[in-house]
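The chain contents come next:
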Amino acid sequence: MAKPKILATRPLFPAARAILDAHFDVEYWTVPERISRAELLKRVADKEALVCLLTEKVDQQLLDAAPRLRIAATVSVGFDNIDVPACTRRGVAATHTPGVLDETTADFAWTLLMAIGRRLLEGDAWMRSGTWPGWDLDQLLGGDVWGKTLGILGFGRIGRGVARRALGFRMRVLYSDAVRAPSEDERDLHAEFVDRDRLFRESDFISIHVPLLPDTRHLISKENLEKMKPTAYLINTSRGPVVDEAALVDALENRKIAGAALDVYENEPKVHPGLIPRKDVILAPHMASASVDTRTRMAVMAANNVVAMFDGRRPPNALNADALELK
Ligand code: DGY
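Residues numbered from 1 in each chain as written. Predicted model: local features only at pLDDT ≥ 70, side-chain atom pairs only at ≥ 80, totals over all residues. Heavy atoms only, no water.

Considering the pairing of strand β10 (residues 233-236)
Put simply, the rule reads: When a residue's accessible area, from a 1.4 Å probe over protein chains only, is under 20% of the maximum for its type it is buried; when over 50% it is exposed; and in between it is partly exposed. Helix and strand labels come from DSSP, where a helix needs a run of H or I of at least four residues and a strand needs a run of E of at least two; each type is numbered from the N terminus. We treat two strands as partners when DSSP finds at least two bridges between them. Handedness is read with the strands pointing away from the viewer; a crossover is right-handed when the path from the first strand over the helix to the second is clockwise.
Here β10 shows no split at all, with Y233 and I235 on one side and L234 and N236 on the other all buried. Here strand β9 (residues 205-208) runs beside β10; their pairing, made up of 4 bridges, is parallel. Of the residues in β10, the one forming a bridge with S207 is I235. Crossover handedness for the path β9 to helix α10 (residues 222-227) to β10: right-handed. Strand direction decides the pairing type here: β10 and strand β11 (residues 259-262), joined by 4 bridges, are parallel. Looking at the pairing, I235 lines up with A261 of β11.

Some thoughts on the site of the ligand
Our working rule: Throughout this document, a residue counts as near a molecule or strand when at least one of its heavy atoms sits within 4 Å of that molecule or strand. We call two N or O atoms a polar contact when they sit within 3.5 Å, provided that within protein one can donate a hydrogen and the other can accept it, with sequence-adjacent residues counted only if both atoms are side-chain atoms. Areas reported here follow the Shrake-Rupley algorithm with a probe of radius 1.4 Å; residue values treat only the protein chains shown as occluding.
Around the ligand, the surrounding shell consists of L54, S76, V77, G78, L101, R239, H286, S289 and M298. Measuring from an oxygen atom of the ligand, one finds a backbone N or O atom of V77 at 2.7 Å. In this structure, R239 approaches the ligand through a side-chain N or O atom, which is 2.7 Å from an oxygen atom. Contact with the protein chains covers 90% of the free accessible surface of the ligand, which is 230 Å².

Some remarks on helix α12 (residues 292-310)
We count it as follows: Given the number of residues in a helix, its expected span is that number minus one, multiplied by 1.5 Å. Here, residues are in contact when the closest pair of their heavy atoms is within 4.5 Å.
In a regular helix each residue adds 1.5 Å, so 19 residues correspond to 27 Å; α12 covers 28 Å between its end C-alpha atoms and thus fits that length. All buried positions along α12 are accounted for by T294, T296, M298, A299, M301, A302, A303, N305, V306, V307, A308 and M309. Looking at the buried residues of α12, the elements they touch are β1 (5-8), α1 (14-23), β3 (49-52), β4 (71-74), β5 (93-95) and α5 (102-117). In the segment just after α12, G312 is the residue with positive phi, at about 80°.

Some points on the side chain of T97
You can see T97 is positioned in the loop between β5 and α5. For T97, a relative accessible area of 0% puts it in the buried group. Among the polar contacts made by the side chain of T97, one reaches the main-chain amide nitrogen of V77 at a distance of 3.3 Å. In this structure, T97 is in contact with T74, V75, S76, V77, M298, M301 and A302, ignoring residues within four places of it in sequence.

Comments concerning the domain arrangement of the protein
Going by this rule: These domain boundaries are the output of an automatic or database domain assignment. As used here, buried area is the combined drop in accessible area, with a 1.4 Å probe, of two parts when they are placed together. In what follows, salt bridge is the name for a side-chain nitrogen of Lys or Arg lying within 4 Å of a carboxyl oxygen of Asp or Glu. Under the scheme applied, nonpolar residues are Ala, Val, Leu, Ile, Met, Phe, Trp, Tyr, Cys and Pro; charged residues are Asp, Glu, Lys and Arg; polar residues are all the others, including Gly.
Entries for the protein in the domain assignment read domain 1 (5-100 + 292-325) and domain 2 (102-283). Its C-alpha centre places domain 1 at a distance of 32 Å from the equivalent point of domain 2. When the two sides are added together, the surface that domain 1 and domain 2 hide from each other amounts to roughly 540 Å², 43% of it contributed by carbon and sulfur. For the pair domain 1 and domain 2, the interface holds 1 salt bridge. Here D80 and R239 are joined by a salt bridge, their closest N and O atoms 2.9 Å apart. On the surface where domain 1 and domain 2 come into contact, there are 2 residue pairs in polar contact (both at pLDDT 80 or more). Its residues assigned to classes, the side of domain 1 that touches domain 2 shows 4 nonpolar, 3 polar and 2 charged.

Details of the sheet that holds strand β2 (residues 25-28)
Where we set the bar: The convention used is that axes are lines fitted to C-alpha atoms, helices contributing only their stretch in contact, and that angles between N-to-C directions extend from 0 to 180 degrees.
If you walk across this open sheet you meet the 5 strands as β2-β1-β3-β4-β5, and the pairing is parallel. Single-partner strands in this sheet number two, and they are β2 and β5. Averaged over all pairs of adjacent strands, the angle between their axes in this sheet comes to 15°, without regard to strand direction. By the bridge criterion, 4 bridges tie β1 to β2 in an arrangement that is parallel. When the sheet's bridge partners are listed, L7 is paired in β2 with E27. This element, α1, spans β1, β2 and β3 of the sheet and lies at about 135° to β2. Running at roughly 165° to β4, α12 makes contact with β1, β3, β4 and β5 of the sheet.

Quick look at the structure:
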């Protein structure tokens with residue numbers, strides 16, 4: 001019997017390819033340039049499954065172009081690239097990759113936090129310029145990390161991972177979330193549930209771990225930036241549009257906050273031009289989950305979701321399994 005045809009918009013990794021190749025007739029997009037929208041719409045036309053990235057939109061237009069599609073599996077935990085209700089209306093399962101990137105992402109939030117607080121990139125640039133004159137008392141003075149207050153916006157798995165790492169730095173941890181964490185978690189992580197207003201006012205570092213939803217878009221607004229301490233830093237490894245970049249540039253220019261370290265951008269891959277020349281900003285290319293092990297786990301997870309669907313099992317990470325009544 002002919003194997004179901006599927007499209008993967010990247011070559012993925014050998015471990016994920018082995019899973020897919022055993023079950024499907026897979027077309028991989030292998031050229032270095034990412035797949036264009038027109039090419040994606042063309043190539044998905046005869047496919048029953050799509051393994052895609054967060055840069056590819058699975059929307060009504062794509063669903064209309066893919067009448068045979070049964071599942072869209074994004075290799076990301078964030079799924080703002082997928083119109084889940086539209087998939088559900090068409091009977092298409094939508095899956096993502098939760099759980100496997102939490103610790104790696106929490107590590108990277110800390111990488112940014114330490115690097116911006118201690119001005120590491122400025123020091124690196126100075127050394128490479130060949131102009132460092134040697135040690136001096138008042139060079140590159142930054143903000144302490146240990147003993148300071150860390151505010152975590154969004155206390156899911158990644159936010160909690162960030163809090164756990166703060167224990168070693170003897171930080172005071174504040175968090176806000178739509179749902180309060182169980183008291184054992186608060187106790188174990190020494191984390192205090194506060195309203196957003198207090199979090200903005202009292203934190204020395206604010207790390208963002210909320211999904212992109214209508215009510216988190218521009219959560220970091222002019223108004224909230226103005227509540228922050230002038231010595232505080234902002235770290236974003238969640239989704240770019242959570243931060244109003246124009247308001248952030250304004251806050252930095254007017255010294256309302258001390259700095260920002262960003263892994264994600266409002267209009268990726270574009271970066272607000274006002275951020276680029278700033279020394280009080282670190283710009284990373286959406287790489288928080290980019291370890292070999294984690295990215296492999298993500299791709300394998302997406303592949304296993306597709307296999308489950310065609311085996312007649314409920315894809316373990318389906319976002320609309322109940323709506324589709326998948327057993
Ligand atoms: C995700 O998975 O949503 C990240 O942004 C990339 O790892």
